[in-house]
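# Examination of the molecular architecture
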Amino acid sequence: MSKFPQEKSMTRAFTLPSNELAYFIGYTLIHADRVVLVSPWLSDVELRFPVNDQTSSRELLLSKAVAELTDTDITFLINGNEDHNDYIKSRVERNAEVVDVPDLHAKAVITDDWVYAGSANITRRGLLVNRELCKIVTNTHPDANTYVEEELSVDL
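What comes next concerns the included structure. It should be emphasised that the depicted structure is a prediction, and the values quoted were computed from it without experimental measurement.

### A short note on helix α5 (residues 144-152)
Listed as buried for α5 are Ala144, Thr146, Tyr147 and Val148. Buried positions along α5 lie against β2 (34-38), β5 (73-78), β7 (108-110) and β8 (114-118). One side-chain oxygen of the residue at the start of α5 lies 3.2 Å from the amide nitrogen of Asn145, identifying that residue as Asp143. Following α5 by one or two positions, Ser153 adopts a phi angle in the positive range, close to 55 degrees.

Structure (structure tokens):
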């Protein structure tokens, strides 16, 4: 069996400046049924949303967005050894699954259809201060969970 997954269709990629990641995450939470947010360090960042009828505002903190978007199945993969994550974990774990991965270093936003992979943590510094490298590609795995299991060796 090939180590590489069979492609659903032609793989497409484009770059995304990290300062646009707040909008991309907002867009993804609105439009995808299943989202896995992977960030060793995670903060209650302000997200931006497209015009929609699912959120109370076009700008919401991540924790508020997770609470409002109950139709989206959301999982967070975080580094459970980082005390920094305790605050956001306590704010989202009622409305989303939070998985502690002690050796996590990957950063990604994964859906059944596409994957953002980059160097930015989902923190204020990762989204607004640092210059980060970010790519979005077609998810060639059958779904988000399979991507996480096969690429990150994390069972969901």
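### Let's talk about the side chain of Thr55
Here Thr55 shows up in the loop between β3 (46-48) and β4 (59-61). Look at Thr55 and you get buried, because its relative accessible area is 13%. For Thr55, the side chain forms a polar contact with the main-chain oxygen of Ser57, separated by 2.8 Å. Contact partners of Thr55, with chain neighbours within four places excluded, come to Ile30, Phe49, Leu60, Glu68 and Leu69.

### A few points about a negative patch on the surface
Where like charges cluster on the molecular surface, the negative patch consists of Glu149, Glu150, Glu151 and Asp155. Note that Glu149 resides in helix α5.

### Details of the environment of Ile88
Mapped onto the fold, Ile88 is located in helix α3 (residues 86-92). Measuring from C-alpha to C-alpha, the distance between Ile88 and Leu62 comes to 8.7 Å, with 26 residues separating the pair along the chain. Ignoring anything within four residues of it in the chain, the contact list for Ile88 reads Leu42, Ser43, Asp44, Leu62 and Ser63.

### Some details on the environment of Ala22
Tracing the backbone shows Ala22 in helix α1 (residues 21-31). Separated by 101 residues in the primary sequence, Ala22 and Thr123 have C-alpha atoms spaced 9.7 Å apart. With residues near it in sequence (within four places) discarded, Ala22 still touches Glu46, Leu47, Arg48 and Leu127.

### Comments concerning α1
With respect to burial, α1 is a largely interior element, 8 of its 11 residues being buried. Those residues of α1 that sit buried are Leu21, Ala22, Phe24, Ile25, Gly26, Thr28, Leu29 and Ile30.

Cut-offs used in this document
- Residues numbered from 1 in each chain as written.
- Predicted model: local features only at pLDDT ≥ 70, side-chain atom pairs only at ≥ 80, totals over all residues.
- Heavy atoms only, no water.
- Buried < 20%, exposed > 50% of the residue type's maximum accessible area, 1.4 Å probe, protein only.
- Helix = DSSP H or I, 4+ residues; strand = E, 2+ residues; numbered from the N terminus.
- Contact = heavy atoms within 4.5 Å.
- Polar contact = N/O pair within 3.5 Å; in protein donor to acceptor, adjacent residues only side chain to side chain.
- Patch = residues over 30% accessible without salt bridge, like charges linked within 9 Å, V, L, I, M, F, W, Y side chains within 5 Å.
- Areas by Shrake-Rupley, 256 points an atom, 1.4 Å probe, with all protein chains shown as cover.
- Salt bridge = Lys/Arg side-chain N within 4 Å of Asp/Glu carboxyl O.
- Lys, Arg positive; Asp, Glu negative; His and termini not counted.
- Charge placed at Lys NZ, Arg CZ, Asp CG, Glu CD.

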